[in-house]
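Next come the chains, spelled out residue by residue.
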Amino acid sequence: DQQVKQNSPSLSVQEGRISILNCDYTNSMFDYFLWYKKYPAEGPTFLISISSIKDKNEDGRFTVFLNKSAKHLSLHIVPSQPGDSAVYFCAATFLTDSWGKFQFGAGTQVVVTP
Amino acid sequence: KAGVTQTPRYLIKTRGQQVTLSCSPISGHRSVSWYQQTPGQGLQFLFEYFSETQRNKGNFPGRFSGRQFSNSRSEMNVSTLELGDSALYLCASSWGDGYEQFFGPGTRLTVL
């Protein structure tokens, strides 16, 4: 039962433009969401997170938006750079209960072209 | 400071065998989680250990087991390997507060 879904397996974007990655979830009890970035042959690295009490969190070129009513979050990367080419995973968890148990999406492969 | 380390990095086994994977967390981290990554499935949660106790478990069969030692190092064991167990196994460590996990590079297991 996939509770976190990333419906776009891949995304191609030109350098300097905006990358928008989407993630949907089914469990309304999730209260903390994260985005991870993964390069080949490396483990995922934490990018940015958002608590369910917020609808936006920004960190440099990365902004995460949360729409609780739609059970949807998105990651915006502006401007996109070649080094952003990687697989991006969104993840969700329950901070008040399931410590350490994160539900991950299947990932979106981002390719930034010059 | 040193990151999360996993050994071995690559492993080839045959069906029916068993395998043990090892994970050393970042110093001071008490929580270790294990995930299985397969193409198209993303990361599937296996289990999480905190202070030598299994605190959470995913929906995997009993062939998958783990443990954590007093120094927070963790091992994962898979018995009676099946072809479908071929995957990248990732471990992640954290302080245990559930906010952020730091991942190791993974162990690539191939079952023939």
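Residues numbered from 1 in each chain as written. Chains lettered and ligands numbered in written order. Predicted model: local features only at pLDDT ≥ 70, side-chain atom pairs only at ≥ 80, totals over all residues. Heavy atoms only, no water.

### Digging into the packing of aromatic side chains
Residues and elements named next belong to chain A. The tally for this structure, following the rule as stated, stands at 14 aromatic pairs over all chains. Ring centres of Phe 30 and Phe 94 lie 4.7 Å apart, and the angle between their planes is 25°; this geometry places the pair in the stacked category. With a gap of 64 residues between them, Phe 30 in the loop between β3 (19–25) and β4 (32–38) and Phe 94 in the loop between β9 (86–93) and β10 (103–104) connect regions that are remote in the sequence. Overall, Phe 94 belongs to the buried group, its relative accessible area being 17%. (Phe/Tyr/Trp six-rings, centres within 6.5 Å; stacked < 30°, edge-to-face > 60°. Helix = DSSP H or I, 4+ residues; strand = E, 2+ residues; numbered from the N terminus. Buried < 20%, exposed > 50% of the residue type's maximum accessible area, 1.4 Å probe, protein only.)

### Things to note about the pairing of β4(A)
Residues and elements named next belong to chain A. Burial within β4 is extensive, with seven of its seven residues counted as buried. Neither face of β4 is open: one carries Tyr 32, Leu 34, Tyr 36 and Lys 38, the other Phe 33, Trp 35 and Lys 37, and all of them are buried. Following β4, the chain reverses through six residues before pairing antiparallel with strand β5 (residues 45–51); Ala 41 in that reversal takes a positive phi of roughly 65°. Both β4 and β9 contribute to a ladder of seven bridges, which runs antiparallel. From the neighbouring strand, Leu 34 faces β9, where its bridge partner is Ala 91. (Pairing = 2+ DSSP bridges.)

### A word on the nonpolar core
Counting residues in each nonpolar core, the largest one holds 24 residues, and the members touching the most others are A:Phe33, A:Trp35, A:Leu73, A:Leu75 and A:Tyr88. Secondary structure elements with two or more residues in this core: β3, β4, β5, β7 (62–67), β8 (72–77), β9 and β11 (108–113) of chain A. Apart from the residues lying within four places of it in its own chain, the contact partners of A:Leu73 are A:Leu21, A:Asn22, A:Cys23, A:Tyr25, A:Phe33, A:Trp35, A:Val64, A:Phe65 and A:Leu66. Within the second largest apolar cluster, 21 residues are counted, among which are B:Trp34, B:Leu46, B:Phe64 and B:Val78. (Core = buried A, V, L, I, M, F, W, Y, C linked by side-chain atoms within 4.5 Å. Contact = heavy atoms within 4.5 Å.)

### Quick look at the pattern of salt bridges
This model, assessed by the stated rule, comprises eight salt bridges over all chains. Here B:Arg55 ties to B:Glu48 by a salt bridge, and the two come within 2.7 Å at their closest N and O atoms. A relative accessible area of 29% places B:Arg55 in the partly exposed class. As a salt-bridge pair, B:Glu75 and B:Arg73 come within 3.4 Å of each other at their nearest N and O atoms. On the basis of relative accessibility, which here comes to 24%, the residue B:Arg73 falls in the partly exposed class. Several salt bridges converge on common partners, so that one network encompasses A:Lys37, A:Arg61 and A:Asp84. (Salt bridge = Lys/Arg side-chain N within 4 Å of Asp/Glu carboxyl O.)

### Details of the sheet that holds β3(A)
Residues and elements named next belong to chain A. With antiparallel pairing, five strands are arranged side by side in an open sheet as β1-β3-β8-β7-β6. What marks the edges here is a single partner per strand, and that holds for β1 (4–5) and β6 (56–59). When β3 meets β8, the two strands line up antiparallel, connected through six bridges. Bridge pairing in β8 places Leu 21 opposite Leu 75.

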